[in-house]
Amino acid sequence: MHVSSREERDGMIVESDDFPTCDVCGGTGTTGRTVRYFDNDAPVVEVTPGADGWLTCPCCGWRFTVRDRNVWSGLRHVRCGQRIRQSGRDA
């Protein structure tokens, strides 16, 4: 049976396998505090997709495809947080 030892080093609890445990979250990865993902409070802007199906963000000017979930949340452009409604599309 493995028994882990714990000690404190520089304000961090270190277990025998040398993985530090955070004093704030206790290793859970969260403090329970709500943190905003997007800090852009600009109003929703309607944008018409180009012939290629790509959008140009009215906030930052980047072009992106809504098929890429790394840059489009379904409601916002992930890079700048701008809320966008696609025109010519049923809601």
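Residues numbered from 1 in each chain as written. Predicted model: local features only at pLDDT ≥ 70, side-chain atom pairs only at ≥ 80, totals over all residues. Heavy atoms only, no water.

Caption draft 1: Structural context of the overall build of the protein. A tally of helices and strands in the protein yields zero helices and seven strands. The buried share of the protein, reckoned over its 91 residues, is 22%. Pairs at least 24 apart in sequence give 33% of the contacts found in the protein among residues at least 6 apart. Accessible surface, the protein as shown: approximately 7000 Å² in total, 51% of it carbon and sulfur. (Helix = DSSP H or I, 4+ residues; strand = E, 2+ residues; numbered from the N terminus. Buried < 20%, exposed > 50% of the residue type's maximum accessible area, 1.4 Å probe, protein only. Contact = heavy atoms within 4.5 Å. Areas by Shrake-Rupley, 256 points an atom, 1.4 Å probe, with all protein chains shown as cover.)

Caption draft 2: Examining the pattern of salt bridges more closely. As enumerated under the stated definition, the model contains three salt bridges in all. A salt bridge links Arg85 to Glu46; its shortest N-O distance comes to 3.9 Å. Placement of Arg85 in strand E7 (residues 84-86) and of Glu46 in strand E4 (residues 45-47) is noted, with a sequence separation of 39 residues between them. Judged by its relative accessible area of 47%, Arg85 is partly exposed. (Salt bridge = Lys/Arg side-chain N within 4 Å of Asp/Glu carboxyl O.)

Caption draft 3: Molecular detail of the nonpolar core. In this structure, Val47, Leu55, Cys57, Phe64, Val66, Trp72, Cys80 and Ile84 together form the largest nonpolar core, which totals eight residues. Apart from the residues within four sequence positions on either side, Trp72 is in contact with Phe64, Thr65, Val66, His77, Val78, Ile84 and Gln86. (Core = buried A, V, L, I, M, F, W, Y, C linked by side-chain atoms within 4.5 Å.)

Caption draft 4: Structural detail: the packing of aromatic side chains. Counted by the stated rule, this structure contains two aromatic pairs. Each ring, one from Tyr37 and one from Phe38, has its centre 4.8 Å from the other, and the planes form 85°; the classification is edge-to-face. With relative accessibility at 16%, the residue Phe38 sits in the buried group. (Phe/Tyr/Trp six-rings, centres within 6.5 Å; stacked < 30°, edge-to-face > 60°.)

Caption draft 5: Main features of the side chain of Asn40. Positionally, Asn40 belongs in the loop between strand E3 (20-21) and E4. Within the structure, Asn40 has its side chain in polar contact with the backbone nitrogen of Ala42 (distance 2.8 Å). (Polar contact = N/O pair within 3.5 Å; in protein donor to acceptor, adjacent residues only side chain to side chain.)

Caption draft 6: Broad picture of the side chain of Gln82. Following the sequence through the fold, Gln82 ends up in the loop between strand E6 (63-65) and E7. Within the structure, Gln82 has its side chain in polar contact with the backbone oxygen of Pro43 (distance 3.0 Å). Once residues lying within four places of it in the same chain are set aside, the contact partners of Gln82 are Asn40, Ala42, Pro43, Val45, Cys57, Pro58, Cys59, Leu75, Arg76 and His77.

Caption draft 7: Local environment of the confidence of the model for the protein. With 75% of its residues at a pLDDT of 70 or more, the protein shows a mean pLDDT of 82. Here strand E2 (residues 12-15) is the element of the protein with the lowest mean pLDDT, 60, and E4 is the one with the highest, 97. (pLDDT = per-residue confidence, 0-100.)

Caption draft 8: Representation of the environment of Thr48 in the model. For Thr48, the location among the structural elements is in the loop between E4 and strand E5 (54-56). Assessed through its relative accessible area of 59%, Thr48 is described here as exposed. The sequence separation of Thr48 and Arg85 amounts to 37 residues, and the corresponding C-alpha distance is 8.6 Å. Discounting chain neighbours no more than four positions away, the residues touching Thr48 are Leu55 and Ser87. Within the local environment of Thr48, its side chain forms a polar contact with the side chain of Ser87, the two groups lying 2.6 Å apart.

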